[in-house]
Amino acid sequence: MEALRRAVLEGWDTIGESIESVVPLELHMRAYRLIESTPALLAAYLRRSAELEEEIARVIAEREGLDVDADPRPRVAVAVFGGVMRITGRLWSEGADHSVPAIRELTTLYLDQVGPALAEKWRTE
């Protein structure tokens, strides 16, 4: 999870440079918001995300010397990470600040809650 977290946050730090070599950053970010708000585009995006999550789980399993079909941990870790990325993307697209720093901050906030959400007691009683 920590490697995935570092990779995505580093990605947010350099995404502007990568995207701007192809299209203006604002145009890319508007396209992202359009995907989030259009059911057919969102369906295609989610399908591609599921395919990518499987690829990432297989890479993680291989790097760790695991059989992804026998050990569920790589798929579980990637599913949790993917879920966080989907929710932060949706919340960011619905928010008022559509900047890269805003989505990076939101991503950090939610990724920081993965451990507590999975390991800590939720009830306050």
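What counts, and at which threshold
Residues numbered from 1 in each chain as written. Predicted model: local features only at pLDDT ≥ 70, side-chain atom pairs only at ≥ 80, totals over all residues. Heavy atoms only, no water. Salt bridge = Lys/Arg side-chain N within 4 Å of Asp/Glu carboxyl O. Buried < 20%, exposed > 50% of the residue type's maximum accessible area, 1.4 Å probe, protein only. Core = buried A, V, L, I, M, F, W, Y, C linked by side-chain atoms within 4.5 Å. Helix = DSSP H or I, 4+ residues; strand = E, 2+ residues; numbered from the N terminus. Contact = heavy atoms within 4.5 Å. Expected span 1.5 Å × (residues − 1). Axes fitted to C-alpha atoms, helices over the stretch in contact; angles between N-to-C directions. Parallel < 35°, antiparallel > 145°, perpendicular 65-115°, else oblique. Phe/Tyr/Trp six-rings, centres within 6.5 Å; stacked < 30°, edge-to-face > 60°.

Novice: I'm lost on the pattern of salt bridges in this one. Help?
Specialist: Pairing of side chains with opposite charge becomes possible as their charged atoms draw close. Here the structure, examined in full by the defined rule, presents 13 salt bridges. Measuring nitrogen to oxygen at the nearest pair gives 3.5 Å for the salt bridge that ties Glu55 to Arg48. Glu55 sits in the partly exposed class, given a relative accessible area of 43%. Arg73 serves as the salt-bridge partner of Asp71, at 2.5 Å between the closest nitrogen and oxygen. By relative accessible area, which is 54% here, Arg73 ends up exposed. Shared partners join several salt bridges into a network, and the residues in it are Arg47, Arg48, Glu51 and Glu55.

Novice: Before we go on, may I ask you to explain the nonpolar core in this structure?
Specialist: Ranked by internal contacts, the top residues of the largest apolar core, which has 23 residues, are Val8, Trp12, Met29, Phe81, Trp92, Val100 and Leu111. Those elements that provide at least two residues to this core are helix H1 (2-20), helix H2 (25-37), helix H3 (39-64), helix H4 (73-94) and helix H5 (100-111). Setting aside its immediate chain neighbours within four residues, Met29 contacts Trp12, Trp92, His98, Val100 and Ile103.

Novice: Help me understand H3, please; the structure alone is not making it clear to me.
Specialist: Three or four residues apart is the spacing at which side chains of an α-helix point the same way, because the helix has 3.6 residues per turn. The end-to-end C-alpha separation of H3 is 37 Å, in line with the 38 Å expected for 26 residues at 1.5 Å each. Looking at the buried side of H3, the elements it contacts are H4. A positive phi of about 75 degrees marks Gly65, the residue just after H3.

Novice: Can you walk me through the packing of H2 against H3 in this structure?
Specialist: Think of two packed helices as two axes; the pair is described by the angle between the axes and how far apart they sit. Where H2 contacts H3, the axes come no closer than 5 Å and their chain directions differ by 100 degrees. Taken as axis vectors, H2 and H3 run roughly perpendicular relative to one another. The segment H2 lies against H3, with Tyr32, Leu34, Ile35, Glu36 and Ser37 engaging Pro39, Leu41, Leu42 and Tyr45.

Novice: Just to check I follow, could you spell out the side chain of Thr108 for this structure?
Specialist: The residue Thr108 is located in helix H5 in this model. With a relative accessible area of 17%, Thr108 lands in the buried category. Ignoring any residue separated from it by four or fewer positions in sequence, one finds Thr108 in contact with Arg5 and Leu9.

Novice: Is there a simple way to explain the packing of aromatic side chains in this structure?
Specialist: What describes a pair of aromatic rings is the distance from one ring centre to the other and the angle between the planes of the rings. Per the stated rule, a full pass over the model turns up two aromatic pairs. Relative to Tyr45, the ring of Tyr32 lies with its centre 6.3 Å away and its plane at 85 degrees, an arrangement referred to as edge-to-face. Of this pair, Tyr32 sits in helix H2 while Tyr45 sits in helix H3, and the two are 13 residues apart along the sequence. With relative accessibility at 26%, the residue Tyr45 sits in the partly exposed group. Three or more aromatic residues joined by ring pairs form one cluster here, namely Tyr32, Tyr45 and Trp92.

Just geometry here; none of it tells us what the structure is for.
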